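# Secondary and tertiary structure notes
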Amino acid sequence: MQQTLRVLVINPGSTSTKIGVFDGEHCIFERSIKHSIEELSKYKRIIDQYAFRKQILLEQLDYEGINISKLNAVCARGGLLRPIEGGTYEVNEIMLQDLKIGHNGQHASNLGGIIAYEIASGLNIPSFIVDPVVVDELHEIARVSGVPEIPRKSIFHALNQKAAARKAANELGKDYTEANLIVTHMGGGITIGAHKNGQVIDVNNGLHGDGPFSPERAGTTPVGDLVSMCFSGQFYLDEVMKKLVGGGGLMAYLHTNDAIEVEHRIAGGDNYAAHIYDAMAYQVSKEIGSMGTVLAGKVDAIVLTGGLAYGKKFVQLITERVDWIADTIVYPGEDELQALNEGTLRVLRNEEPAKEYPANQNGEECSTVNGERI
Ligand SMILES: Nc1ncnc2c1ncn2[C@@H]1O[C@H](COP(=O)(O)OP(=O)(O)O)[C@@H](O)[C@H]1O
Ligand SMILES: CCCC(=O)OP(=O)(O)O
């Protein structure tokens with residue numbers, strides 16, 4: 001009889017750490033541990049949250065009576081590594097170093113591979129990451145920004161966008177590699193990807209100032225004014241960065257990153273909150289329209305997913321602006337834990353080999369032209 005494989009999956013997001021334990025495909029435990037702004041603001045850098053997040057998730061497992069010595073593998077959402085193709089990667093030394101320094105920047109997902117490795121190595125089992133936020137399938141034309149030294153980058157919710165896209169394609173009776181979809185992940189950050197025949201050929205960089213503003217990020221900002229602010233002498237680098245990532249968007253206007261709280265304020269008659277919430281929906285809709293152009297208007301469906309997709313009013317504000325492009329499919333929340341588990345099982349069951357990080361032998365960054373690696 002085949003052994004049932006038990007996998008711990010970890011998904012550190014900007015506002016929460018989600019964990020799950022799977023026996024084969026079956027989820028036996030799932031929890032979203034919410035982190036308050038006060039809790040996280042104690043840590044100067046995201047990497048400093050490592051011990052806190054690891055401890056809290058181990059306590060949860062202990063509280064639920066889950067014996068981690070029975071695990072076969074640990075898997076996490078991967079972070080801001082070098083650009084790589086999608087798939088399951090075993091955590092190795094180079095990856096750990098890149099996660100620790102934040103090769104492509106700072107984000108909570110950098111903690112994933114590190115925590116997974118720490119737990120797994122203590123148990124002498126393997127650790128993996130699946131479809132990290134740096135999955136890069138951009139068409140070359142999408143990289144051109146207008147400033148040669150600053151090419152556009154692919155940093156997005158690859159794991160959930162890919163999982164939601166596969167599910168939507170299936171619902172439409174198509175294979176993912178035959179579908180044209182606009183997938184919108186709306187969480188702490190918001191990313192909108194043009195998925196053409198199974199490749200994300202364009203997407204806003206959801207971390208470093210591109211696309212719509214989100215619960216805690218500024219998104220695209222009037223660039224001349226931003227440069228003036230940087231050189232005004234009034235702010236240090238980290239203060240400006242905080243305005244863009246962490247303290248931007250809803251946080252800046254309404255001092256909360258919690259859309260549920262914003263919806264309560266609106267229901268209580270707060271017109272300013274309603275105006276800002278509508279502006280966020282307006283910017284999301286604009287970006288969806290722009291990805292419709294990337295797909296030359298041939299769009300099978302628009303997919304809305306992530307925590308904000310639970311917000312009925314928010315979904316309605318977007319849908320009424322974009323329904324001329326294609327039908328909208330809504331998957332509130334995300335299937336990231338399941339996607340992490342599935343990626344791990346494929347490797348543990350020898351259905352596919354784990355990929356080695358980095359993708360090429362020199363450890364240099366790779367690039368793609370129309371989906372072909374160059
Ligand atoms: N039922 C809901 N209605 C409206 N917004 C929600 C709901 N549930 C979660 N959200 C919002 O979704 C956002 C978090 O999304 P999530 O995908 O969990 O983020 P992340 O994974 O980036 O931490 C928060 O602003 C949260 O308030
Ligand atoms: C753009 C990188 C992924 C991201 O923003 O994730 P969160 O929304 O969880 O912060």
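Note that this is a predicted model, so its numbers are computed, not measured. (Residues numbered from 1 in each chain as written. Chains lettered and ligands numbered in written order. Predicted model: local features only at pLDDT ≥ 70, side-chain atom pairs only at ≥ 80, totals over all residues.)

## Overview of the overall build of the protein
Scanning the protein for helices and strands turns up 13 helices and 13 strands. Relative to its length of 374 residues, the protein is compact, with a C-alpha radius of gyration of 20 Å against a globular reference of 21 Å. A burial count over the protein gives 44% of its 374 residues as buried. Of all intrachain contacts in the protein linking residues separated by at least 6 positions in sequence, the fraction that spans at least 24 positions is 70%. (Helix = DSSP H or I, 4+ residues; strand = E, 2+ residues; numbered from the N terminus. Rg over C-alpha atoms; globule rule 2.2 N^0.38 Å. Buried ≥ 20, exposed ≤ 12 C-beta atoms within 10 Å, placed from the backbone. Contact = placed C-beta atoms within 7 Å.)

## Quick look at the site of ligand 2
Lining the immediate environment of ligand 2, one finds 13 residues, of which Gly 13, Ser 14, Gly 187, Gly 189 and Gly 206 sit closest. In the shell around ligand 2, the residues fall into 4 nonpolar, 9 polar and no charged. Each of domain 1 (6-136 + 336-366) and domain 2 (158-332) gives at least three residues to the shell around ligand 2. (Near = placed C-beta within 6 Å. Nonpolar A, V, L, I, M, F, W, Y, C, P; charged D, E, K, R; others polar. Domains from an automatic or database assignment.)

## With respect to the sheet that holds strand β2 (residues 16-23)
With mixed pairing, the 6 strands of this open sheet are ordered in space as β3-β2-β1-β4-β6-β5. Because the sheet does not close on itself, it has two edges, and the strands there are β3 (26-34) and β5 (88-90). Adjacent strand axes in the sheet meet at a mean angle of 20 degrees when their direction is disregarded. Where β2 meets β3, 8 bridges bridge the pair, whose relative direction is antiparallel. Note that in β3 the partner of Ser 16 across the bridge is Lys 34. Across the sheet, helix α2 (residues 50-63) lies against β1 (6-12), β2 and β3, angled at about 40 degrees from β2, the strand it touches most. (Pairing = 2+ DSSP bridges. Axes fitted to C-alpha atoms, helices over the stretch in contact; angles between N-to-C directions.)

## A look at the site of ligand 1
Close contacts around ligand 1 come from 18 residues, with Gly 13, Gly 187, Gly 188, Gly 307 and Tyr 310 the closest. Viewed by domain, the shell around ligand 1 spans two of them, domain 1 (6-136 + 336-366) and domain 2 (158-332), each represented by three or more residues.

## Some words on the sheet that holds strand β8 (residues 190-196)
One open sheet accounts for 5 strands, arranged β9-β8-β7-β10-β11; its pairing is mixed. Edge positions in the sheet fall to β9 (199-203) and β11 (328-332), since each has one partner strand and no second. Each strand axis lies, on average, 25 degrees off the axis of its neighbour in the sheet, ignoring direction. Judged from the 5 bridges that link them, strand β10 (residues 301-306) and β11 form a sheet pairing that is parallel. Residue pairing for β11: Ile 302 is matched across the bridge by Thr 328. In the packing of helix α6 (residues 158-171) onto the sheet, contacts are made with β7 (180-186), β8, β9, β10 and β11, and the angle to β7 comes to roughly 135 degrees.

## Side note on the packing of helix α3 (residues 93-101) against helix α4 (residues 110-123)
Remark: α3 packs on α4, axes separated minimally by 8 Å, with the N-to-C direction vectors making an angle of 135 degrees. By the angle between their directions, the pair α3 and α4 is classed as oblique. In terms of crossing hand, the pair formed by α3 and α4 is left-handed. In this structure, α3 uses Met 95, Leu 96, Leu 99 and Lys 100 to contact α4, whose residues at the interface are Asn 110, Gly 113, Ile 114 and Tyr 117. Of the residues belonging to the contact of α3 with α4, the class tally is 5 nonpolar, 2 polar and 1 charged. (Parallel < 35°, antiparallel > 145°, perpendicular 65-115°, else oblique. Left-handed = near helix turned anticlockwise from the far one by under 90°.)

## Points about the domain arrangement of the protein
Bring the parts together and some accessible area is lost; that lost area is often taken as the interface size. Here the protein is partitioned into domain 1 (6-136 + 336-366) and domain 2 (158-332). In this assembly, 15 residues from domain 1 lie in contact with 12 residues from domain 2. If one sorts the elements of the side of domain 1 that touches domain 2 by residue count, helix α13 (residues 336-348) sits on top with 3 residues. Here the residues of the side of domain 1 that touches domain 2 are counted per class, giving 6 nonpolar, 6 polar and 3 charged.

## What about unusual backbone geometry?
Cis geometry marks the peptide bond from Tyr 357 to Pro 358; its omega dihedral reads -5 degrees. The topology assignment puts Pro 358 in the loop between α13 and β12 (368-369). Notably, His 255 is not glycine yet its phi reads approximately 60 degrees, a positive angle. Relative to the helices and strands, His 255 is located in the loop between α9 (250-254) and α10 (259-267). On the basis of neighbour counts, which here come to 10 C-beta atoms within 10 Å, the residue His 255 falls in the exposed class. At Asn 350, a residue that is not glycine, the phi angle is positive and equals roughly 60 degrees. Turning to its location among the elements, Asn 350 is positioned in the loop between α13 and β12.

## Side note on the nonpolar core
Grouped together as the largest cluster of nonpolar side chains are 89 residues, with contacts concentrated most on Val 9, Cys 75 and Ala 116. Broken down by element, the residue count for this core peaks at 8 residues, all from helix α11 (residues 271-294). When residues of this core are assigned to domains, at least three fall in each of domain 1 (6-136 + 336-366) and domain 2 (158-332). Other than its neighbours up to four places away in sequence, Ala 116 contacts Ile 10, Val 74, Cys 75, Ala 76, Val 91 and Ser 127. (Core = buried A, V, L, I, M, F, W, Y, C linked by C-beta atoms within 7 Å.)

## What to know about the packing of α6 against α13
Taken N-terminus to C-terminus, the directions of α6 and α13 make an angle of 90 degrees; their axes are 9 Å apart at the nearest point. Judged on the interaxial angle alone, α13 and α6 are roughly perpendicular. Listed contacts from α13 to Leu 159, Asn 160 and Ala 163 of α6 are Glu 336, Ala 339 and Leu 340. Of the residues in the contact of α6 with α13, the class split is 4 nonpolar, 1 polar and 1 charged.

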